[in-house]
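One letter stands for each residue in the lines below.
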Amino acid sequence: MIGEVVKYSEEEKNLVDDYTQRQNIQSNDWSDKKFEAIKSSIKSHYKEVQEYTCPYCKVKYPVKHGMAWDIEHIIPKDKKPQFMFEPLNLCVSCKDCNGAKGNEEVLVNKNRKTFPSASKDYKLVHPHFDQYEKHINAITPGDFYRPLSKKGEFTIITCRLLRFYGVVDREQPDIEIDELAKAMISSDGAARRVLEDELVKRIKLKREEAL
Ligand SMILES: [Zn+2]
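Residues numbered from 1 in each chain as written. Predicted model: local features only at pLDDT ≥ 70, side-chain atom pairs only at ≥ 80, totals over all residues. Heavy atoms only, no water.

Caption draft 1: Fine view of the overall build of the protein chain. Looking only at helices and strands, the protein chain features 7 helices and 4 strands. Ordered by position from N to C terminus, the α and β elements of the protein chain give α-α-β-β-α-α-β-β-α-α-α. For the protein chain, the C-alpha atoms occupy an extent of roughly 55 × 35 × 30 Å along the three principal directions. Expressed as a percentage of the 211 residues in the protein chain, the buried residues total 47%. About 11,400 Å² of surface is accessible on the protein chain, with carbon and sulfur atoms providing 50% of the total. Both charge centroids of the protein chain, one from 36 positive and one from 35 negative side chains, sit 2 Å from each other. (Helix = DSSP H or I, 4+ residues; strand = E, 2+ residues; numbered from the N terminus. Buried < 20%, exposed > 50% of the residue type's maximum accessible area, 1.4 Å probe, protein only. Areas by Shrake-Rupley, 256 points an atom, 1.4 Å probe, with all protein chains shown as cover. Lys, Arg positive; Asp, Glu negative; His and termini not counted. Charge placed at Lys NZ, Arg CZ, Asp CG, Glu CD.)

Given below as structure tokens:
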């Protein structure tokens, strides 16, 4: 869980308030030049407090320059532009997770008007409201994840955590492994263990082939 939310300066606060009170707010306002400074404070704040760790895949990217990181809107700004600057809707994530998650609906009730501030409002393991370890076991961060709850399953699928860094080309995921991973996630008990064993076997094989 991220301990500390970004605190806006007086100036930043006024900018955000002025903006959110406007009539027509749209997600692409995010690229407006006037938000450049505030975006950079958001990014550096969360990079620091998250200790350069992506909240979804738990991979640590100890890269100081901004390029490795995306500002992540937990509820996508295309879905709810009104929460674009809400500190609890913001964090940083790696580009892979951010790209995979895209505009996926993460809310239990998508018609929600006020900012949902409880864990149960989200289908996803929330970087601010949920304890990751209760929902996902990152067996090898960047490689293999085991869901421990429904939220864990949803997050693994939505952020495509089973994309197997270093095993398969990130741009061209291995369809077979991907399908197997999805089947594993949606099964349980003995069936899951069988699929999991098979999956681990195939990943190892892939790795050996790659060497
Ligand atoms: Zn990530």
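That shown, we press on.
Caption draft 2: Local environment of the environment of leucine 180. With respect to the helices and strands, leucine 180 occurs in helix 6 (residues 175-185). Separated by 89 residues in the primary sequence, leucine 180 and cysteine 91 have C-alpha atoms spaced 31 Å apart. With residues near it in sequence (within four places) discarded, leucine 180 still touches Leu195, Glu198, Leu199 and Arg202. (Contact = heavy atoms within 4.5 Å.)

Caption draft 3: Examining the pairing of strand 2 (residues 90-94) more closely. The element strand 2 is extensively covered by neighbouring structure, given that 5 of its 5 residues are classed as buried. Burial along strand 2 is two-sided: Leu90, Val92 and Cys94 facing one way and Cys91 and Ser93 facing the other are all buried. Of the strand pairs in this sheet, strand 1 (residues 69-73) and strand 2 are connected by 5 bridges, and their pairing is antiparallel. The residue bridging isoleucine 71 from the neighbouring strand is valine 92, located in strand 2. (Pairing = 2+ DSSP bridges.)

Caption draft 4: Quick peek at the packing of aromatic side chains. In this structure the tally under the stated criterion is 7 aromatic pairs. Centroid distance phenylalanine 35 to phenylalanine 85: 4.7 Å. Interplanar angle 50°. Geometry classified as tilted. Note that phenylalanine 35 is positioned in the loop between helix 1 (10-20) and helix 2 (36-49) and phenylalanine 85 in the loop between strand 1 and strand 2, a separation of 50 residues in sequence. Just as phenylalanine 35 is buried, phenylalanine 85 falls in that class too. Ring geometry for tyrosine 61 versus tryptophan 69: centroids 5.8 Å apart, planes at 90°, classification edge-to-face. According to the relative accessible area criterion, tyrosine 61 is buried, its value standing at 17%. (Phe/Tyr/Trp six-rings, centres within 6.5 Å; stacked < 30°, edge-to-face > 60°.)

Caption draft 5: Structural context of the nonpolar core. With 52 residues, the main nonpolar core has Ile42, Phe85, Tyr145 and Leu161 as its most contacted residues. Put simply, the parts of the chain that give this core at least two residues each are helix 1, helix 2, strand 1, strand 2, strand 4 (144-147), helix 5 (150-158), helix 6 and helix 7 (189-210). Here this core gets 5 residues from one element, more than from any other, and that element is helix 6. Contacts of isoleucine 42, omitting those with residues within four sequence positions, involve Val6, Tyr8, Trp30, Ile71, Phe85 and Leu90. (Core = buried A, V, L, I, M, F, W, Y, C linked by side-chain atoms within 4.5 Å.)

Caption draft 6: Here's a closer look at the pattern of salt bridges. In this structure the tally under the stated criterion is 9 salt bridges. Lysine 150 serves as the salt-bridge partner of glutamate 153, at 3.3 Å between the closest nitrogen and oxygen. With glutamate 153 and lysine 150 both in helix 5 and 3 residues apart, this pair spans about one turn of that helix. A cluster of three or more residues bridged by salt bridges with shared partners is formed by Arg112, Lys120 and Asp121. (Salt bridge = Lys/Arg side-chain N within 4 Å of Asp/Glu carboxyl O.)

Caption draft 7: Seen up close, the coordination of the zinc ion. Those protein atoms acting as donors to the zinc ion are Cys54 (SG), Cys57 (SG), Cys94 (SG) and Cys97 (SG), and they sit at 2.3 Å. Considering all 4 donor atoms around the zinc ion, angles at the metal cover 105 to 114° and the coordination shape is tetrahedral. For the zinc ion, the donor residues sit on a single chain with the sequence spacing C-x2-C-x36-C-x2-C. According to the relative accessible area criterion, cysteine 94 is buried, its value standing at 2%. (Donors = N, O, S within 2.8 Å, 3.2 Å for Na, K, Ca; no water. Tetrahedral: all angles 85-135°; square planar, octahedral: opposite > 155°, others 65-115°.)

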